[in-house]
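Below are the chains, spelled out letter by letter.
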Amino acid sequence: MNRTYHKWFSASLHRHMEMLVFGHGGKAVLFFPTRMARFYDYENWGIVEALKDKLENGELQLFCVDSVDSESFYNHWVHPVARIERHLQYEQYILTEVLPVMQTENKGDYFEVAGCSMGAYHAINLAMKHPTLFKKVISMSGRYDLTQQIDDFKDLFDGYRDENIYFNMPLQFMANMEDDAVLNAIRKVEIIMAVGETDPFINSNRAFGHLLSAKQIPHQLYVWDNYAHRPRYWKQMVRLYL
């Protein structure tokens, strides 16, 4: 299996960022890590190995990016304004630095975006905001409004709200979206969500599914047995959905 390591100083984030690329061709998958996880965790957890045949056969190429969640959503030492602004810088890093690398490394025109847990939020948020960039989005064990407290998962903005937060919470901004051009672009994206039946985020998935249906946006929501919010389940999910 082809494996390449990338590291460069990000102009968007003003720090070094790292990325692992697996495979040599096929569908290019931008793969976001879990909450405050690292670019190498999917490899360490055996999730990359679960896709070995597809990667070696040139069916898939994985681009495992790093996160800055500890500097944005989970940086409780700074004001919520600074948290969302750091996230927006990260989004620019993805759009203006990572995607060009993907386009250089992969000569195809089929780009997917995927993630597990917090990575699922990143995947859905990016795809809904920039639907023309991706043919498919795969969200595993995600939640789609970080301002909601769900069991032990707190509101990541401590009750503070502003426009930047609103436009990065898919359950919020999608509810009021009326731009036909954007909605039609989203309707062309294959949307897959998977979540465990006892996952605390299942209601977030169902609510987002209902919202998509109300907007006449095709999608698939798969409910797995039990909690399913663990690498051993994600290894099975990537085989089915990526």
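Here is what the cut-offs are and how they apply
Residues numbered from 1 in each chain as written. Predicted model: local features only at pLDDT ≥ 70, side-chain atom pairs only at ≥ 80, totals over all residues. Heavy atoms only, no water. Helix = DSSP H or I, 4+ residues; strand = E, 2+ residues; numbered from the N terminus. Expected span 1.5 Å × (residues − 1). Buried < 20%, exposed > 50% of the residue type's maximum accessible area, 1.4 Å probe, protein only. 1 Å grid on protein atoms, 1.4 Å probe; cavity = no way out; pocket = protein on both sides within 12 Å on 5 of 7 lines; lining within 4 Å. Points joined across faces, edges and corners; volume = space filled by probe spheres on them. Nonpolar A, V, L, I, M, F, W, Y, C, P; charged D, E, K, R; others polar. Salt bridge = Lys/Arg side-chain N within 4 Å of Asp/Glu carboxyl O.

Trainee: Quick question: what am I supposed to make of helix H4 (residues 118–129) here?
Mentor: Turn by turn, an α-helix covers 3.6 residues, leaving residues three or four places apart pointing in a common direction. The terminal C-alpha atoms of H4, which comprises 12 residues, lie 17 Å apart, in line with the 16 Å expected from a rise of 1.5 Å per residue. Within the sequence span of H4, burial applies to Met118, Gly119, Ala120, Tyr121, His122, Ala123, Ile124, Asn125, Leu126, Ala127 and Met128.

Trainee: Help me understand the layout of surface pockets, please; the structure alone is not making it clear to me.
Mentor: Over the atoms a probe the size of a water molecule is rolled, and this reveals where empty space is left. Quantified by volume, the largest pocket comes out at close to 160 Å³. Along its surface, the largest pocket is lined by 13 residues, and Arg35, Ser117, Met118, Phe153 and His229 are the ones closest to its centre. Classifying every residue of the lining of the largest pocket by side-chain character gives 8 nonpolar, 3 polar and 2 charged.

Trainee: Where do I start with the pattern of salt bridges in this structure?
Mentor: Once the charged atoms of two side chains with opposite charge are near each other, the side chains can pair. Going through the model one piece at a time under the given rule, you end up with 9 salt bridges. Note that Lys129 is salt-bridged to Glu91, the shortest N-O span being 2.8 Å. A residue pair is termed long-range when its members are at least 10 positions apart, and Lys129 in helix H4 and Glu91 in helix H3 (residues 80–105) qualify at 38 residues. Within this structure, Arg15, Glu71 and Arg86 form a network of salt bridges that share partners.

Trainee: So what exactly am I meant to see when it comes to empty space enclosed by the protein here?
Mentor: In total, this model carries 1 cavity of 30 Å³ or more according to the counting rule given. In this structure, the largest cavity encloses a volume near 60 Å³. Lining the largest cavity are Phe32, His87, Tyr90, Glu91, Ile94, His122, Asn125 and Leu126. Of the residues forming the lining of the largest cavity, the biggest block, 4 residues, is contributed by H3. Along the lines of polarity and charge, the residues of the lining of the largest cavity split into 4 nonpolar, 3 polar and 1 charged.

Any functional reading would require information beyond the geometric quantities listed.
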